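Breakdown of the fold
Each chain, letter by letter, is given below.
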Amino acid sequence: MTFTPLIPSSGVAGWNFLQSTYDRQYDAFVQSGQLKSESEYFAEEIGKVTSSDDLLNDRRLLQVAVKAFGLEEEINYRALLQRALNEGTSAKDALANTMNDERYVEFSNAFGFGPGQSPMTSDSKAMEAVVNKFQSASFEEAVGEVDETMRTALFAKRAMLEVFGEPDENDFSQLSVKERALREFDLSMKEINGAIDDVPGVTSVQDQWEDIIQRDTLTDFFNTTLRMPAAASGLEDDELIQAYQDRAKIVFGTDDPTVFFSAENKDVLVAAYKTRATVDGDLPEDIAKTAQLADQILGQMVARDAALNEEWDYISRQEPLVDFMKITLELPDNIESLKTSDAMRVYREKAIEVFGTDDPNVFADAGNLDNILDIYREKAAESGMRNGEISANLRTAETILKFSFSENDVVDDDSLAASETAKIDAGWYSIMGQTGVPRFLQTALDVNTALAPDQTFDELTIEEQLAIYKDKAVELFETDDLSELTGPYQMSTLSDAYRTNAEAAGESEFFITYYSQIAERELNGLFQSDESDADQEFEDALEELRTMNDEDKGPSASSQWFTIMGQQAMTDFMQVALGLPKEVTQMDIDKAVDVYKRKAQEVLGTDKPSEFIAGDKMDDLVNRYLTRSQMNDINSGYSSGSAALMMLRS
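Small disclaimer: the values here were computed from a predicted structure and weren't measured.

Time to look at a negative patch on the surface. A cluster of acidic residues, Asp207, Glu210, Glu236, Asp237, Asp238 and Glu239, forms a negative patch on the protein surface. Looking at the negative patch, the elements that each hand over two or more residues are helix H12 (205-212) and helix H14 (237-252). Per-element accounting of the negative patch gives the leading share, 3 residues, to H14. Assignment of secondary structure puts aspartate 237 in helix H14.

With that settled, the discussion passes to the nonpolar core. Judged by nonpolar contacts, the single largest core of 72 residues is most densely connected at Phe42, Leu55, Phe107, Phe111, Trp561, Phe573 and Met574. The element that contributes the greatest number of residues to this core is helix H9 (residues 124-146), accounting for 8 residues. Setting aside chain neighbours within four positions, we find leucine 55 in contact with Ile46, Val49, Leu61, Leu62, Ala65, Leu85, Phe111 and Phe113. Membership of the second largest hydrophobic core comes to 63 residues, among which are Ile297, Leu466, Ala473 and Leu482.

Attention now goes to the packing of helix H13 (residues 216-225) against helix H17 (residues 284-316). One can describe the packing of H13 onto H17 by two numbers: an axis separation of 9 Å at closest approach and a directional angle of 105°. Put simply, H13 runs roughly perpendicular to H17. Contacts between H13 and H17 pair Thr217, Leu218, Phe221 and Phe222 from the former with Thr290, Leu293, Ala294, Ile297, Leu298 and Met301 from the latter. For the contact of H13 with H17, the per-class residue count stands at 8 nonpolar, 2 polar and no charged.

This next bit is on the environment of aspartate 280. Relative to the helices and strands, aspartate 280 resides in the loop between helix H16 (266-279) and H17. Note: C-alpha distance between aspartate 280 and threonine 224 (56 residues apart in sequence) is 8.5 Å. With sequence-adjacent residues up to four places away left out, aspartate 280 is seen in contact with Thr224 and Arg227.

Right, let's talk about the side chain of threonine 479 for a bit. Here threonine 479 shows up in the loop between helix H25 (462-477) and helix H26 (482-485). One polar contact links threonine 479 to glutamate 484, side chain to side chain, over a distance of 2.9 Å. For threonine 479, the contacting residues outside a window of four places in its chain are Ala473, Val474, Glu484 and Leu485.

Time to look at unusual backbone geometry. Its identity as a non-glycine residue notwithstanding, glutamate 330 has a phi of 55°, on the positive side. Among the secondary structure elements, glutamate 330 is positioned in the loop between helix H18 (319-328) and helix H19 (340-355). Even without being a glycine, aspartate 446 presents a positive backbone phi close to 55°. With respect to the helices, strands and loops of the structure, aspartate 446 is situated in the loop between helix H24 (437-444) and H25.

Definitions and limits used
- Residues numbered from 1 in each chain as written.
- Predicted model: local features only at pLDDT ≥ 70, side-chain atom pairs only at ≥ 80, totals over all residues.
- Heavy atoms only, no water.
- Patch = residues over 30% accessible without salt bridge, like charges linked within 9 Å, V, L, I, M, F, W, Y side chains within 5 Å.
- Areas by Shrake-Rupley, 256 points an atom, 1.4 Å probe, with all protein chains shown as cover.
- Salt bridge = Lys/Arg side-chain N within 4 Å of Asp/Glu carboxyl O.
- Lys, Arg positive; Asp, Glu negative; His and termini not counted.
- Charge placed at Lys NZ, Arg CZ, Asp CG, Glu CD.
- Helix = DSSP H or I, 4+ residues; strand = E, 2+ residues; numbered from the N terminus.
- Core = buried A, V, L, I, M, F, W, Y, C linked by side-chain atoms within 4.5 Å.
- Buried < 20%, exposed > 50% of the residue type's maximum accessible area, 1.4 Å probe, protein only.
- Contact = heavy atoms within 4.5 Å.
- Axes fitted to C-alpha atoms, helices over the stretch in contact; angles between N-to-C directions.
- Parallel < 35°, antiparallel > 145°, perpendicular 65-115°, else oblique.
- Nonpolar A, V, L, I, M, F, W, Y, C, P; charged D, E, K, R; others polar.
- Polar contact = N/O pair within 3.5 Å; in protein donor to acceptor, adjacent residues only side chain to side chain.

So far we have only geometry, and geometry alone does not tell us how the molecule works.
Below you can see the structure in the form of structure tokens.
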């Protein structure tokens, strides 16, 4: 009688039960029925085998041998198996090496019938390992008859350990390799993106206008406020931006959004819009909505720049500080003759260059002040200034800076959290004023499930819509940040949710495709366009990591991935566990490896498979695989909202 593994539930819960009872269930299985008989027969007879013919001519031995290496489906292809065994693996053109399937290499090496090799069939330990692999594969097969995803998870865990070995908790050299690899990667990414805690740099006028023209609400707002001609809509982006800037200089006296939408100016700007929109005959409710959205979006876009410009304007009006900054920042001689907005940009750009931040509250606080005083002292001495004058200037500047920018002025955690929330909200306000995105997101997030019976989403206030958008995004995606929601790995899932719910609502294929394309284009432009060069830069960073790994002992990350991709089951496991689309398996293998490595780095903190087995990473991978597999198996009995929920929560 054959023992049937017990798995009381699917998914992670079932996996945890299987893991906790694995040893008992496995022992009961290998001691049952035919499996025990086949294992004992192989152990007794394999020592008599001296050639590939001996192995191939004994069906019972061959069944154990091929199943141990996952080749049971090839058992009737005698010529193929014989070539794999007889040609060995030492020659590059040996069959096992040309099959692009690591199973054949392992199968051939296990028995040692190839040129220059000694048969391994008389090695009891080597053959015991074959029996163990056979029993493990058989147990996995039995588990698969109960739950196929569990079988794949068990196989993946076993294969990873076989390929890369059991993790050695005392192997500090491996740990140091990992730490150095991750540190190198982190440094490379900081060169691309800046350190996580770096203060953002100065936003140029050109960049701000490029942001503006991608937002339908803002273009409506400025078209009305600036009295832009209808023909402007046909201009190329750079021509349109120049047209906006020219008109802004005439109407506002400046083309700098930071200036004309600062706290003291924005009320005048919004009032001008409302007046002109009313004259144009726009509906009051449309005017109010556009004004509110524009206020929210523009406010977030220029908030930091406007606030810091005020700080630097104060500095530029304090003569001792002006002299101090001229030397410390090596400001141009004509700084005082520049327009205020231009001068502020120079101050801030120079401060970032010298201090690493353009925020006086940061560089002038108690922890950093000594550093900037030292910079002044060194540069003043180089200029030939007398020591007495330097000391006097330092005392004056120190007093003013301490008084003006104390530690109490530094933004606290609550303020940072509020700022981040405002930034996230501004993203939602942006999409609420777009053409195709609202319909797409309302369907993908199934917002109607959050409405009362007598409510219609479009009739809600902007604040009410925002709350529903964010709540549904967190419920389904566990994030309300659109920059994450529209990233390269989430966007396909978001589109799948839209398609699922749109089809359930009876939407035609034409309109589903139409709105998907519009939404993906607009969302990518709004939230991902700042990273237009990031792909190449990211690849460069990964290449640095790859190069460093290759210098360490052991196989490189890339070669390890090629090993994994030599087994289809392992490739499928990784594709699902890492949340990659099926299309990745159809890519060129080098490009596919880069995709796998990039995603592994993001999910597990390393792109080297030999490090997946350390700590909790393997369990994390298995849990991800099981969860995503369960989501993919949603049957048609679920409602569209439930289907989207289950898919997106993974």
